[in-house]
Amino acid sequence: MKNCLNVIIVWLLKVYILLPSCTSPTSKQVTEIIPPIAYYSATDFSKVEKYDTHVHINTDDSSFINQAKKDNLRLLTVNVNSGMPIEEQRTVALKLIQEFPDRLQFATTFNLKNWGTKKWLPQTIAYLKASFEKGAIAVKIWKNIGMELKDANGKWVMIDDARFDTVLSFIEKNNITLLGHFGEPKNAWLATEQMTIAGDKEYFSKHPQYHQFLHPENPSYQDQINARDNMLKKHPRLRFVGDHLGSLEWNVDELAKRLDQFPNMAVDMAARIPHLQVQSVKNWQKVHDFMIKYQDRLIYATDHGVDAKSKFFEVNKEAHTVRMSDWKFFVTSEVMTVPDFSETFEGLKLPKEVIDKIYHTNAEKWFPGITMAEKKITVNL
Ligand SMILES: [Zn+2]
């Protein structure tokens, strides 16, 4: 009996000791359950599989792709209705994809030949259909719509023009992503000395036709943003990636408003990371919190490119340097400088989970088919 009583006492003691773990956990226990936030380091750069979803490869020279391979990047080469004829751009892309099927995919585009005639729409649908059959996973629309194209009566043609609706619906029906570069960075509407970024000063001094400050008769910055927003309102199911931070590179609050308003919109960061960096000089926390909040909608990209005239060694060296600098900005908290402005700023030190999204998962989510395994080549009319 005494033995039995001892057993009961020991059992009761055990129950008492174990009881706290059977009830709701204390805050101390909660902190023990949550794993610490993991971060990458600057030296992890080449170990992590990444994408750059905005490059322009217009030569069959493969050294740019080989450098991307060394940097552990897969690429989306983007055809643009500018420079080399779009048919040739597509041919180059297809040749390179055959050579590097696990490294490269392509975005097609369409031209504006025969705009304003009955020929334009069937010709455009036919070109896109053929491109999708050949494996294009996105369609790029460039800033010439909104900045160059005019009707015969001299009226500017903007992207919310009803004549684009059939084309945009065709893209949507085929589960293809629309990549859109509309307008310019806001700096284009400022005098050169007021621009915030050296890269913009250089670009607009070399391309005065796009320096909108010199052309007050052209559509305004707000006209460009409004036309894009109207187009998205008309096509809410169209999957849209706004190039260059959606031309809202100058203010993360303005970009946040559009990402809230348009759930089917993401943005690539191509050639606009210095604009995030310059904002972080004044308000690091705001830029950091924006990246965390919109971690599913931001896609790493550079806008680097090569054509037959490129000095490949220099381009590849520069591309590698920029990629390393971007990585350092996103993953570390180091004090940094970039050639675009004189102030120093701190890296954002984003958690590993966020880095994996902006460099990898988001590219796969917003560009179905960017991995060979998912690729579908069934065209819907
Ligand atoms: Zn580009």
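See the structure above.
Criteria and cut-off values
For every chain, the first residue of its written sequence is number 1, and the numbers climb from 1 along that sequence. The predicted nature of this model means local features are confined to residues of pLDDT at least 70 and side-chain atom pairs, given and counted, to a pLDDT of 80 or more, with totals for whole chains, interfaces and linings taken over all residues. Side-chain numbers here rest on the full set of heavy atoms in the structure, without hydrogens or water. For Na, K and Ca the donor cut-off is 3.2 Å; for every other metal, N, O and S atoms count as donors within 2.8 Å. Water does not enter the count, which can leave sites looking incomplete. A run of DSSP states H or I qualifies as a helix once it reaches four residues; a run of E qualifies as a strand once it reaches two. Both are numbered from the N-terminal end. Classification of residues uses two cut-offs on accessible area relative to the type maximum, computed with a 1.4 Å probe and protein chains only: under 20% is buried, over 50% is exposed, and between them is partly exposed. For a helix, the expected span equals 1.5 Å multiplied by the number of residues minus one. A pair of strands is treated as paired once DSSP finds two or more bridges between them. With strands facing away from the observer, any crossover in which the path from the first strand over the helix to the second runs clockwise is taken as right-handed. Two aromatic rings from Phe, Tyr or Trp, using only the six-membered ring of Trp, form a pair when their centres are within 6.5 Å; if the ring planes differ by under 30 degrees the pair is stacked, by over 60 it is edge-to-face, and anything between is tilted. By definition here, charges over rings are those cases where NZ of Lys or CZ of Arg is within 6 Å of the ring centre and within 35 degrees of the ring normal. We call two residues in contact when some of their heavy atoms are within 4.5 Å. For helices, the axis comes from a line fit to the C-alpha atoms of the stretch in contact; other axes are also lines fit to C-alpha atoms, and the angle between any two N-to-C directions lies between 0 and 180 degrees.

Another point: the coordination of the zinc ion. On the protein side, the zinc ion has His-54 (NE2), His-56 (NE2) and Asp-303 (OD) as donor atoms, found 2.1 to 2.2 Å from it. Counting along the primary sequence, the residues that act as donors to the zinc ion give the motif H-x1-H-x246-D. Highlighted residues: His-56 in strand E1 (residues 50-58) and Asp-303 in the loop between strand E8 (298-299) and strand E9 (305-307), separated in sequence by 247 residues. Note on His-56: relative accessible area 16%, which makes it buried. Residue classification places Asp-303 among the partly exposed residues on the basis of a relative accessible area of 28%.

Every α-helix carries 3.6 residues per turn, so stepping three or four residues along brings you back to the same face. When the terminal C-alpha atoms of helix H14 (residues 312-331) are compared, their 28 Å separation across 20 residues agrees well with the 28 Å that a helix rising 1.5 Å per residue should span. When we look at burial in H14, the residues that qualify are Asn-316, Ala-319, Arg-323, Asp-326, Trp-327, Phe-329, Phe-330 and Val-331.

Let us now look at the pairing of strand E4 (residues 138-141). What you see with E4 is no split at all: Ala-138 and Lys-140 on one side and Val-139 and Ile-141 on the other are buried throughout. Both strand E3 (residues 104-108) and E4 contribute to a ladder of 2 bridges, which runs parallel. Note that in E4 the partner of Ala-107 across the bridge is Ala-138. Where the polypeptide runs from E3 across helix H5 (residues 120-133) and back to E4, its parallel neighbour, the crossover connection is right-handed.

Under the criterion given, the structure shown has 18 aromatic pairs. Ring geometry for Tyr-203 and Phe-204: centres 5.0 Å apart, planes at 90 degrees, overall edge-to-face. In this structure Tyr-203 comes out as partly exposed when scored by relative accessible area, which is 29%. The class of Phe-204 is buried, set by a relative accessible area of 2%. Taken together, the ring pairs in this structure connect Tyr-40, Phe-45, Tyr-300, Trp-327, Phe-329, Phe-330, Phe-341, Phe-345 and Tyr-359 into an aromatic cluster. Stacked on the ring of Trp-250, the Lys or Arg Lys-186 has its end atom at 3.9 Å from the ring centre.

To continue, consider the sheet that holds strand E5 (residues 177-180). The 9 strands lie next to each other as E8-E7-E6-E5-E4-E3-E2-E1-E9, forming an open sheet whose pairing is parallel. At either end of the open sheet lies a strand with only one pairing partner, and these are E8 and E9. Relative to E3, H5 is tilted by about 170 degrees, and along the sheet it contacts E3 and E4.

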